Amino acid sequence: MDLFTFIVTVFVSFLGILFGAVLTHHTRDEVFEMRKLIPFLQFAILVAVFVVLFLFFPFTIVSALLVLSFGFIYIFWRKNNLNFLDYIVLSMILVISSVNPKAHLYVTLFAFIFGILSGSLFYVMNTKHKKHQVKKLAHHRHTGKHLDFHSMTSSLFYTYKFFFFLAIIAFAAAHLIDFLF
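The shown structure was predicted, so the numbers you read here are calculated from the model rather than taken from an experiment.

Parameters and conventions
- Residues numbered from 1 in each chain as written.
- Predicted model: local features only at pLDDT ≥ 70, side-chain atom pairs only at ≥ 80, totals over all residues.
- Heavy atoms only, no water.
- Helix = DSSP H or I, 4+ residues; strand = E, 2+ residues; numbered from the N terminus.
- Buried < 20%, exposed > 50% of the residue type's maximum accessible area, 1.4 Å probe, protein only.
- Polar contact = N/O pair within 3.5 Å; in protein donor to acceptor, adjacent residues only side chain to side chain.
- Contact = heavy atoms within 4.5 Å.
- Axes fitted to C-alpha atoms, helices over the stretch in contact; angles between N-to-C directions.
- Parallel < 35°, antiparallel > 145°, perpendicular 65-115°, else oblique.
- Left-handed = near helix turned anticlockwise from the far one by under 90°.
- Nonpolar A, V, L, I, M, F, W, Y, C, P; charged D, E, K, R; others polar.

1. Some thoughts on the side chain of threonine 24
Thinking step 1. Within the element layout of this structure, threonine 24 appears in helix 1 (residues 3-26).
Thinking step 2. On the basis of relative accessible area, threonine 24 is assigned to the buried category, the value being 0%.
Thinking step 3. Polar contacts involving the side chain of threonine 24 include one to the side chain of serine 120, which spans 2.7 Å.
Thinking step 4. Apart from residues lying up to four places away in sequence, threonine 24 is in contact with Val31, Ser120 and Tyr123.

Next up, the structure:
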């Protein structure tokens, strides 16, 4: 896969975060009613990503990646309020899946859906709702801030742009190593 195509697919996959916040902004009541399902759905998406990897890559490599990924998330589980850990794993999986275009397409789709859920969860955890008070949801805690929509989307962009650049740098490094050896 060439660099331009990879950048476009990574951009699309991480665009799901902003799309989720915008979608939640317009459907607040529905998302607040379903807010307890979001962490479960995110876990299901991560499992689906690994199922795709098992279909397209050797069993031993994906098994090692699975153990390392969930071990990494488990070790740092209480350290962050949001999906930073999940996105570090997703960034690396996007790079690994770029070896097989079909697998990369599926992983990009699942990363986009994961982003919609992450953006929705970010919105729920940073806004005040007249009917519902959310203090803690799975390993996500309410920040205590109640952001307006503009501040929230700016915060999402600045927070998650790191993972976009992480994926691109890892992709470039992988191709450089491949070229040298």
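Don't stop here, the text continues.
2. Topic: the packing of helix 1 against helix 7 (residues 149-180)
Thinking step 1. Two elements in contact, helix 1 and helix 7, have axes whose closest approach is 10 Å; the angle formed by their N-to-C orientations is 160 degrees. Comparing the axis directions of helix 1 and helix 7 gives the class roughly antiparallel. The crossing of helix 1 and helix 7 is right-handed. In contact with Leu3, Phe6, Ile7, Val10, Phe11, Phe14, Ile17, Leu18, Ala21, Val22 and His25 of helix 1, helix 7 contributes Phe149, Thr153, Leu156, Phe157, Tyr160, Phe163, Phe164, Ala167, Ile168 and Phe171.
Thinking step 2. When its residues are assigned to classes, the contact of helix 1 with helix 7 shows 19 nonpolar, two polar and no charged.

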